[in-house]
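Per-entry structural report
Each chain is listed here by its residues.
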Protein chains: 2
Amino acid sequence: MTVESITDFLNAHDIKPSYQRIKVYEHLVHSIDHPSVEMIYRELIKTIPTLSKTTIYNSLKTFVEKEIVKVVTIDGNEMHYDSLLEEHGHFRCKKCGKLFNFHIDDKISFTEEVSNFQVEERNIYLKGICDQCISK
Amino acid sequence: MTVESITDFLNAHDIKPSYQRIKVYEHLVHSIDHPSVEMIYRELIKTIPTLSKTTIYNSLKTFVEKEIVKVVTIDGNEMHYDSLLEEHGHFRCKKCGKLFNFHIDDKISFTEEVSNFQVEERNIYLKGICDQCISK
DNA sequence: GTATCTGCAAAACATTTGCAATTCT
DNA sequence: AGAATTGCAAATGTTTTGCAGATAC
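Values in this document were obtained by computation on a predicted structure and should not be read as measured data.

Calculation rules
Residues numbered from 1 in each chain as written. Chains lettered and ligands numbered in written order. Predicted model: local features only at pLDDT ≥ 70, side-chain atom pairs only at ≥ 80, totals over all residues. Heavy atoms only, no water. pLDDT = per-residue confidence, 0-100. Helix = DSSP H or I, 4+ residues; strand = E, 2+ residues; numbered from the N terminus. Least-squares fit on C-alpha atoms with pLDDT ≥ 70 in both. Contact = heavy atoms within 4.5 Å. Near = heavy atom within 4 Å. Polar contact = N/O pair within 3.5 Å; in protein donor to acceptor, adjacent residues only side chain to side chain. Buried < 20%, exposed > 50% of the residue type's maximum accessible area, 1.4 Å probe, protein only. Pairing = 2+ DSSP bridges. Axes fitted to C-alpha atoms, helices over the stretch in contact; angles between N-to-C directions. Domains from an automatic or database assignment. Salt bridge = Lys/Arg side-chain N within 4 Å of Asp/Glu carboxyl O. Nonpolar A, V, L, I, M, F, W, Y, C, P; charged D, E, K, R; others polar.

Once that is clear, we can look at the confidence of the model for chain A. Per-residue confidence for chain A averages 91 on the pLDDT scale, and 95% of its residues sit at or above 70. Summarising per-element confidence for chain A, the mean pLDDT is lowest in strand β4 (residues 99-102) of chain A (89) and highest in helix α4 (residues 53-65) of chain A (98).

If you want it as structure tokens, here you go:
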């Protein structure tokens, strides 16, 4: 995603594309795993020495409000952010630490207790060993 | 679960059953939703006016280490604790706010990306409207 | 020139740590 | 008495808030 297309994308979602907001969003889009404010800060401060964490918090808050970024419920104390809007699950490898996205099968059904419930969001977070680490 | 059986249970797991630890564990067992430290504190302080949050943190840390309590990854900033050890999913009703446990069907499979991965933990957290709230 | 955005500093929370006082055996 | 536990107070870490200066249109 180019800076121009990000600019357009932010405009299209009623978010003024400031230099900082473009950089924060750009970083999110290019991140494989879903970074925390701290992670975004450590990366962006390299090229924007005046950047403050407050601005990252502000930007992310705006993105979440305008629904172009989702808060990811990964374990731990910090919040994580995800620019991939299509529903997907997360898998964390306990050995190498890598985070993988995967598609959630629409066939998935859950037993009795909640079978009549109206499910609107599915948050699925798996942990285990990835295939790379298994074959080692 | 009676106080006596909790005492036995803690002993069996190599945890000295102090008055405070019994109360914290007892509260967890009797809680429908999986409370945070703050929630446990607000409830127990009613009957134990000298109780401190540190003691609740200490107790829960011990319980998690001895594997009689699990940390639940519910959204938000606080940690939540669950004394139900069998694997289960959580459903939060957006209308009434109630939290439901449900059994996760073993048939559940996830598509390609992670199909060869060795899954050790499944954290499933759904949100939507519960049947009570639908029929209103 | 006015409205918005940035970023510092302080406040507000959640959690952890150090330690002295208390409790249990 | 000796060992573990409790709970206060302070420290740490994350997120939010207030506000003054900078920026954009």
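Okay, the relation of the copies chain A and chain B next. Rotating chain A by 179° about the axis while translating it 0.0 Å along that axis superimposes it on chain B, leaving an RMSD of 0.1 Å. One copy is carried onto the other by what is essentially a two-fold rotation axis. Ranked by how close their C-alpha atoms come to the rotation axis, the residues of chain A are headed by I124 of chain A, at 2.3 Å. A shared binding surface is used by both copies, with 100% of the interface residues of chain A retained as interface residues in chain B.

Right, let's get into the protein's contact with DNA strand C. Around DNA strand C there are 15 residues in total, and S18, R21 and S52 of chain A together with Y57 and M79 of chain B lie nearest to it. Close to the protein, within 4 Å, the atoms of DNA strand C belong to sugar or phosphate groups at a rate of 73%. Residue T54 of chain A places a side-chain N or O atom 3.3 Å away from a base nitrogen belonging to DNA strand C. Note that a phosphate oxygen of DNA strand C is positioned 2.8 Å from one of the backbone N or O atoms of M79 of chain B.

In this section: the pairing of strand β3 (residues 89-93) of chain B. Residue and element names in this part refer to chain B. Burial analysis of β3 places four of its five residues in the buried class, which makes it a mostly covered element. Summarising the sheet, β3 and strand β4 (residues 99-102) pair through four bridges and their orientation is antiparallel. Paired with H90 across the bridge in β4 is N101. Connecting β3 to the antiparallel partner β4 that follows it, the hairpin turn spans five residues, and G97 within it adopts a positive phi of roughly 80°.

Moving on: the sheet that holds β3 of chain B. Strand order in the open sheet formed by six strands is β4(A)-β3(A)-β5(A)-β5(B)-β3(B)-β4(B), and the pairing between neighbours is mixed. If you trace the sheet from one side to the other, it starts and ends with β4 of chain A together with β4 of chain B, each paired once. Here the strands of the sheet are splayed against their neighbours by 20° on average, with no regard to which way each runs. Relative to strand β5 (residues 118-129) of chain A, strand β3 (residues 89-93) of chain A is paired through four bridges, and the arrangement is parallel. Looking at the pairing, R92 of chain A lines up with K127 of chain A of β5 of chain A.

Our next topic: the domain arrangement of chain A. How big an interface is tends to be stated in terms of accessible area lost as the parts join. Residue and element names in this part refer to chain A. As far as domains go, chain A holds domain 1 (3-82) and domain 2 (88-134). Taken together, the contact between domain 1 and domain 2 spans seven residues of the former and eight residues of the latter. At the junction of domain 1 with domain 2, the criterion picks out zero salt bridges. The tally of links between domain 1 and domain 2 comes to three residue pairs in polar contact (both at pLDDT 80 or more). Classifying every residue of the side of domain 1 that touches domain 2 by side-chain character gives two nonpolar, two polar and three charged.

So, about the protein's contact with DNA strand D. DNA strand D sits among 15 residues. The nearest are Y57 and M79 of chain A together with S18, R21 and S52 of chain B. For DNA strand D, the backbone makes up 74% of the atoms found within 4 Å of the protein, where backbone means sugar plus phosphate. Residue T50 of chain B places a main-chain N or O atom 3.1 Å away from a phosphate oxygen belonging to DNA strand D. Of all the secondary structure elements, the ones that give two or more residues to the surface near DNA strand D are α4 of chain A together with α2 (19-30) and α4 (53-65) of chain B. In terms of residue count, α4 of chain B provides more of the surface near DNA strand D than any other element does, three residues in total.

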